[in-house]
Amino acid sequence: MKKAARENLAGRNAIVTGGGRGFGRAIARGLAAAGAAVTVTARSKNQLDAAAAEIEAAGGRALAIAGDVTKREDVARVAEAAEKKFGPTTVLVNNAGVTGPFGPVWVNDPDEWWDAQAVIVRGTLLFMRTVLPGMVARRKGTVINVSALGGQWFAPKLTAYAVAKSSQIRLSEHAAAEAKEHGVSVFSIEPGTVYTDITEHTITSPEAQHWLPQMVDYLKNTIKAQDPAPGLARCAEMCVQLASGRYAALTGSFLLPSDDFDKLLLEPQHEWGSALIPRQPQRAR
């Protein structure tokens, strides 16, 4: 794929959940490098402070606010702090997530299983419910929900994650259909598979080792051996491109790192209801 045009996000104000590490930190760094002011949020204040300091050291603008995406009061507090510091939120990246529990549904603890839905689905809903009214009123805004191909795949013994991601993709598509006429775009993306803290958590999980040994071996022997930098950079690039507004015609789509967004603009527009049709990750860039 040809080199993507450099986007200018000056004047954009972004919130990135799960922004203290891994993909979230890379996305926040990429948005800030493109000129956006970025608020990072997660439960770990130390990681958030480090992420914000990294952005500011590079000349960007950042704010770190700890919070739990499953709690309405925390979501409201983060959004209010972001607006007070930088102005109305114009870009929202819902990246917070978990991978477990692992195993058959009759083995999983129901509360732990439901916690995954709370982080991935409820967290996405709460932040969208908080920032979308302002975006709709201003007729400008972008929501990017970091989902996964696991939401499209049949994934026995990984049901909490797969069901949550499937719901997140469908929620994104519904929100996109509702917001399109108001000038607001909503996307869901597959970030790619690279080695991060959450990957290590899966690799070292006794439950994952027992129930999903092939997946653990793949993560340990293939993904962990690869340099994560290119994958993190591509995910950040995707978010910067989508935040630019140049790809609003793709709203509602589930997008892959291998996608060439410019080429997709030349294809028929998104068919509503198609976001859960399985995509092929090898699609040519």
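For the structure, see preceding data.
Bear in mind that the values here come from a model prediction, so they are computed numbers and not experimental data.

The rules behind each value
- Residues numbered from 1 in each chain as written.
- Predicted model: local features only at pLDDT ≥ 70, side-chain atom pairs only at ≥ 80, totals over all residues.
- Heavy atoms only, no water.
- Buried < 20%, exposed > 50% of the residue type's maximum accessible area, 1.4 Å probe, protein only.
- Helix = DSSP H or I, 4+ residues; strand = E, 2+ residues; numbered from the N terminus.
- Pairing = 2+ DSSP bridges.
- Polar contact = N/O pair within 3.5 Å; in protein donor to acceptor, adjacent residues only side chain to side chain.
- Contact = heavy atoms within 4.5 Å.
- Axes fitted to C-alpha atoms, helices over the stretch in contact; angles between N-to-C directions.
- Phe/Tyr/Trp six-rings, centres within 6.5 Å; stacked < 30°, edge-to-face > 60°.
- Right-handed = clockwise from strand over helix to strand, strands pointing away.
- Salt bridge = Lys/Arg side-chain N within 4 Å of Asp/Glu carboxyl O.
- Core = buried A, V, L, I, M, F, W, Y, C linked by side-chain atoms within 4.5 Å.

**Digging into the pairing of strand β5 (residues 141–146)**
- Within β5, six of the six residues are buried, which leaves the element mostly enclosed by the surrounding structure.
- Where burial is concerned, the two faces of β5 agree: the one with G141, V143 and N145 and the one with T142, I144 and V146 are both buried.
- Of the strand pairs in this sheet, strand β4 (residues 91–94) and β5 are connected by four bridges, and their pairing is parallel. Across the sheet, the residue bridging to L92 is V143, located in β5.

**Structural notes on the side chain of D259**
- Locating D259 in the fold gives a position in the loop between β7 (254–255) and α10 (261–265).
- A residue is classified by how much of its surface remains accessible, and D259, at 1% relative accessible area, is buried.
- Polar side-chain contacts of D259 include one of 2.8 Å to the backbone nitrogen of L256.

**Some points on the sheet that holds strand β3 (residues 61–66)**
- Taken in spatial order, the seven strands line up as β3-β2-β1-β4-β5-β6-β7 in an open sheet, and their pairing is parallel. Among the strands making up the open sheet, the edge pair consists of β3 and β7.
- Across five bridges, strand β1 (residues 13–17) lies against strand β2 (residues 37–42) in parallel orientation. The partner of I15 across the bridge, within β2, is T39.
- Contacts from helix α3 (residues 72–86) reach β1, β2 and β3 within the one sheet, and its direction differs from that of β3 by about 155 degrees.

**Describing the packing of aromatic side chains**
- The full count for this structure, using the stated rule, is two aromatic pairs.
- Taking the centre distance of 6.2 Å and the plane angle of 20 degrees together, the rings of W113 and W114 count as stacked.
- Arranged with centres 5.5 Å apart and planes meeting at 65 degrees, the rings of Y247 and F261 form a pair that is edge-to-face. Of this pair, Y247 sits in the loop between α9 (229–243) and β7 while F261 sits in helix α10; the two residues are 14 residues apart in sequence, bridging distant segments of the chain.
- According to the relative accessible area criterion, Y247 is buried, its value standing at 0%.

**A word on the pairing of β4**
- Neither face of β4 is exposed, since V91 and V93 on one face and L92 and N94 on the opposite face are all buried.
- As judged from the three bridges shared by β1 and β4, these two strands associate in the parallel manner. Along β4, the bridge assignment pairs V16 with V93.
- Between β4 and its parallel partner β5, the chain crosses via helix α4 (residues 110–138), and the hand of that crossover is right-handed.

**Side note on the pattern of salt bridges**
- Enumeration according to the criterion identifies ten salt bridges in this entry.
- Here R246 ties to E7 by a salt bridge, and the two come within 2.5 Å at their closest N and O atoms. Here R246 is found in the loop between α9 and β7, whereas its partner E7 is found in the segment before β1, with 239 residues between them in sequence.
- With a relative accessible area of 10%, E7 lands in the buried category.

**A few points about the nonpolar core**
- L31, V38 and I189 are the most contacted members of the largest nonpolar core, which has 38 residues in total.
- Excluding residues within four positions of it along the chain, V38 makes contact with A14, V16, A28, L31, A32, R61, A62, L63 and F86.
- By size, the runner-up hydrophobic cluster in this structure holds 25 residues, among which are I65, A96, M135 and V143.

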